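A structural walkthrough
What follows is each chain in one-letter form.
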Amino acid sequence: MEVLEALHTRRSIRKYLDVPVEWDKVGTILDAGRVAPSAGNLQSWRFVVVRNPEKKKQIADACLQQYWMEQAPVFIVIFAEMNKLENHYGIRGVRLYSIQSCSMAALQMMLAAHSLGLGTCYVSAFDENAMARIFNLPDSVRPQCIITIGYPDETPEAPLRFRLENIAWHEVWNPSNPPVAGTGGSGRVVDPDYTVWNFRVAEKPVQFAKEAAKDIERVTRKRRQRLFSKLKEHGKKFAKKKEEEK
Ligand SMILES: Cc1cc2nc3c(=O)[nH]c(=O)nc-3n(C[C@H](O)[C@H](O)[C@H](O)COP(=O)(O)O)c2cc1C
């Protein structure tokens with residue numbers, strides 16, 4: 001699978017088939033994380049593969065009772081090891097680079113899994129203390145996310161995204177909606193996110209109606225063709241009769 005195709009077609013999968021994931025595929029996914037970019041090439045990530053049902057249940061519970069996770073045959077839990085990051089970069093290393101580096105590894109793993117026909121979901125809503133207890137973590141290690149992995153049992157529609165022109169600009173920050181002095185929190189009279197998002201949401205039913213119209217067109221085309229040829233037949237017969245009557 002092409003990289004561009006993979007990143008456009010990946011979806012978060014929350015329903016999985018009861019089919020085991022081949023061990024060599026788990027290895028390929030871990031290796032995709034291993035080669036990700038990291039701050040100072042410190043590779044401050046650690047990966048733990050979890051397949052034990054009881055442990056998966058504990059993790060799903062720690063993830064604010066996201067029990068759908070248990071269906072996935074494999075979890076890869078990504079941890080940030082802070083010691084080297086703190087020595088090299090201080091607070092910025094601990095607070096920012098740790099998260100950024102682990103996220104790089106996570107997305108590489110998710111795309112690798114997708115290219116192998118597997119579904120994944122990035123989960124980071126969890127009780128950090130509960131995760132620390134489950135894995136008996138030292139103080140220098142912080143859990144970052146759990147990637148659930150398995151063969152998908154759903155094909156979710158792509159969720160709405162902002163259009164590129166609303167989130168990417170050339171040379172300057174948001175030229176169509178610069179901050180306005182004295183407008184409080186957002187710094188803008190109208191929150192552009194709110195407007196743009198509502199516009200995107202409003203487009204959805206229009207797109208749906210267009211697709212439905214296309215479906216109707218496709219389904220009824222044959223019927224219309226049959227009707228049309230019958231009418232033509234009738235027309236010919238009618239013309240012939242008129243001719244004979246003359
Ligand atoms: C930082 C982060 C945290 C997330 N945490 C969760 C989570 O706890 N549970 C969940 O079901 N999905 C979680 N997701 C997945 C998002 O809901 C999902 O990526 C988003 O809705 C877009 O859908 P897509 O991945 O199919 O494009 C998380 C994603 C990110 C990037």
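The preceding data block contains the structure.
The structure displayed is predicted, hence computed values, not measured ones.

Observations regarding the sheet that holds strand E4 (residues 141-150)
The strand order across the open sheet built from four strands is E1-E2-E4-E3, with neighbouring strands paired in antiparallel fashion. Two strands bound the open sheet, and with one partner strand each, they are strand E1 (45-50) and strand E3 (119-123). Neighbour to neighbour, the strand axes of the sheet diverge by 25 degrees on average, direction disregarded. Sheet topology places E3 next to E4; five bridges connect them, and they run antiparallel. Opposite Gly119, over in E4, you have Gly150 as the bridge partner. This element, helix H3 (residues 53-62), spans E1, strand E2 (74-81) and E4 of the sheet and lies at about 120 degrees to E1.

A short note on H3
Within H3, the full set of buried residues consists of Lys56, Ile59, Ala60 and Ala62. The buried residues of H3 occupy one face: seen down the axis, they fall within an arc of 160 degrees. Considering only its buried residues, H3 is in contact with E1, E2, helix H5 (128-135) and E4.

Examining the site of the ligand
Lining the immediate surroundings of the ligand are Arg11, Ser12, Arg14, Gln66, Cys121, Tyr122, Val123, Ser124, Ala125 and Pro159. Considered class by class, the residues forming the shell around the ligand number five nonpolar, three polar and two charged.

Cut-offs used in this document
Residues numbered from 1 in each chain as written. Predicted model: local features only at pLDDT ≥ 70, side-chain atom pairs only at ≥ 80, totals over all residues. Pairing = 2+ DSSP bridges. Helix = DSSP H or I, 4+ residues; strand = E, 2+ residues; numbered from the N terminus. Axes fitted to C-alpha atoms, helices over the stretch in contact; angles between N-to-C directions. Contact = placed C-beta atoms within 7 Å. Buried ≥ 20, exposed ≤ 12 C-beta atoms within 10 Å, placed from the backbone. Arc of directions from axis to C-beta. Near = placed C-beta within 6 Å. Nonpolar A, V, L, I, M, F, W, Y, C, P; charged D, E, K, R; others polar.

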